[in-house]
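# Reading the structure
Next come the chains, spelled out residue by residue.
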Amino acid sequence: MLRRALLCSPALLLVRPALGQQGPSVVASFSILADMTRQIGGDRIALRAIAGADVDAHGFQPKPSDAAALTNAALVIRNGLGFEGWLDRMIRSSGFKGALVTTTDGITPRMMQAHHHHGHDHGGAGRRHNHSVGPRQVPDPHAWQDVGLAQHYIRNITAGLIAADSAGEALYRRNAAAYAARLTALDQWVRAEIAKVPEARRKIVTSHDAFGYFGEAYGVRFLAPQGVSTEAEPSAAEVGRLIRQIRAENITALFMENMANPATLQRIAQETGLRVRGRLFADALSAETGPAPTYEAMFRHNISLMVPAMRGDAA
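Residues numbered from 1 in each chain as written. Predicted model: local features only at pLDDT ≥ 70, side-chain atom pairs only at ≥ 80, totals over all residues. Heavy atoms only, no water.

It is worth spelling out the nonpolar core at this point. In terms of nonpolar packing, the biggest core is built from 73 residues, with Met36, Phe214, Tyr295 and Met306 touching the most fellow members. Non-local contacts of Phe214, meaning those with residues more than four positions away in its chain, are made with Gln145, Val190, Ile194, Gly219, Val220, Phe222, Phe299, Ile303 and Met306. (Core = buried A, V, L, I, M, F, W, Y, C linked by side-chain atoms within 4.5 Å. Buried < 20%, exposed > 50% of the residue type's maximum accessible area, 1.4 Å probe, protein only. Contact = heavy atoms within 4.5 Å.)

Okay, here's the thing in structure tokens:
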């Protein structure tokens, strides 16, 4: 029983292959990509997620054991678009010699405004400085929030697995086709559920700006006090403007995200008289025992909260 519990523990962040596995060792940068890769690679691959369930990949701080996992990996899978800069540094320092798959290749990113404090390195380790910058346009990395764009993720992951393990090609293509079909059905279901909300009420306030692709794909307007990074803190003026907008537009959908600091949203709730309607999953999946242990479950969980909140249904 103890061994079974350990193998199922999300803290290990390791999906162990079945006996007889002959495929590659694969490392995914964070939990959503790990799940997508698992759906395609199945038991043939040995898969590890660096930033696992309920771990914020924006400001993740890798451990030496994370870098060590790259040493013998055949394949590393990342999102790209600036989402996991820590992974690029870790790859350089680890001596990784395998192949690198960027799942957003082929996607034209939407641009978003980033105008909060940010930190970056000057002159090597130990010289990290924060700066305040004005409004600027940066690529939005959260492309997985549009299920249609997830098809690019599937194609890129599948191609990477086949390149690393040609003997498993038939399995990878079969799993990828089944997964793509499920995601097509999921996309259609999301659109049908959103259609139940009058257009004028399709507005949601969330902790940080992670749902831009979702909003463009499904016709929902998202407002957030934070910018692209969960490390950014909004100014008092920005929060004040958002509170006034919520009141003026009679917005009823107010949500936390699993990666965000609750303080700002709690203040907004107090000032507007709204109740936070639950916790959305944006940048990470939940643990296996949670409501969003897979990418598909994440969407179904989020939609089950969003739709009644936007309609103003009693909680």
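Time to look at the packing of aromatic side chains. Scanning all chains against the criterion turns up ten aromatic pairs. Here the aromatic rings of Phe214 and Phe299 are separated by 6.0 Å at their centres, their planes lie at 20°, and the arrangement is stacked. Of this pair, Phe214 sits in helix 7 (residues 212-218) while Phe299 sits in helix 10 (residues 295-311); the two residues are 85 residues apart in sequence, bridging distant segments of the chain. For Phe214, a relative accessible area of 1% corresponds to the buried category. In this structure an aromatic cluster arises from ring pairing among Phe211, Phe214, Tyr218, Phe222, Tyr295 and Phe299. Over the ring of Tyr213 we find Arg110, and its NZ or CZ is 6.0 Å from the ring centre. (Phe/Tyr/Trp six-rings, centres within 6.5 Å; stacked < 30°, edge-to-face > 60°. Helix = DSSP H or I, 4+ residues; strand = E, 2+ residues; numbered from the N terminus. Lys NZ or Arg CZ within 6 Å of the ring centre and 35° of its normal.)

This part covers the side chain of Ser286. As for its placement among the helices and strands, Ser286 is situated in the loop between strand 13 (279-280) and helix 10. Each residue touching Ser286, except ones within four places of it in the same chain, is listed here: Ala53, Asp54, Phe281, Pro291, Ala292 and Pro293.

It is worth spelling out the pattern of salt bridges at this point. Under the criterion given, the structure shown has 15 salt bridges. Here Lys63 makes a salt bridge to Asp66, at a shortest N to O gap of 3.5 Å. What makes Asp66 buried here is its relative accessible area of 0%. Here Lys203 makes a salt bridge to Glu249, at a shortest N to O gap of 2.9 Å. Within this pair, whereas Lys203 is found in strand 10 (residues 203-205), its partner Glu249 is found in helix 8 (residues 236-249), the two being separated by 46 residues in sequence. For Lys203, a relative accessible area of 18% corresponds to the buried category. By relative accessible area, Glu249 is classed as partly exposed at 27%. A cluster of three or more residues bridged by salt bridges with shared partners is formed by Arg48, Lys63 and Asp66. (Salt bridge = Lys/Arg side-chain N within 4 Å of Asp/Glu carboxyl O.)

What follows deals with the packing of helix 2 (residues 31-41) against helix 6 (residues 169-194). Axis separation between helix 2 and helix 6 bottoms out at 7 Å; the angle between their running directions is 125°. The orientation of helix 2 relative to helix 6 falls into the category oblique. Contacts between helix 2 and helix 6 involve Asp35, Met36, Gln39, Ile40 and Gly41 on the former and, on the latter, Leu171, Tyr172, Asn175, Ala176, Tyr179 and Arg182. Partitioned by chemical class, the residues of the contact of helix 2 with helix 6 number six nonpolar, three polar and two charged. (Axes fitted to C-alpha atoms, helices over the stretch in contact; angles between N-to-C directions. Parallel < 35°, antiparallel > 145°, perpendicular 65-115°, else oblique. Nonpolar A, V, L, I, M, F, W, Y, C, P; charged D, E, K, R; others polar.)

It is worth spelling out unusual backbone geometry at this point. Despite not being glycine, Asp54 has its phi angle at roughly 55°, a positive value. For Asp54, the location among the structural elements is in the loop between strand 3 (46-51) and helix 3 (64-71). Take Asp54: its relative accessible area is 39%, and that puts it in the partly exposed class. The phi dihedral of Leu81 falls on the positive side, at around 60°, and the residue is not glycine. Structurally, Leu81 is set in the loop between strand 4 (75-78) and helix 4 (85-94). Residue classification places Leu81 among the partly exposed positions, given a relative accessible area of 25%.

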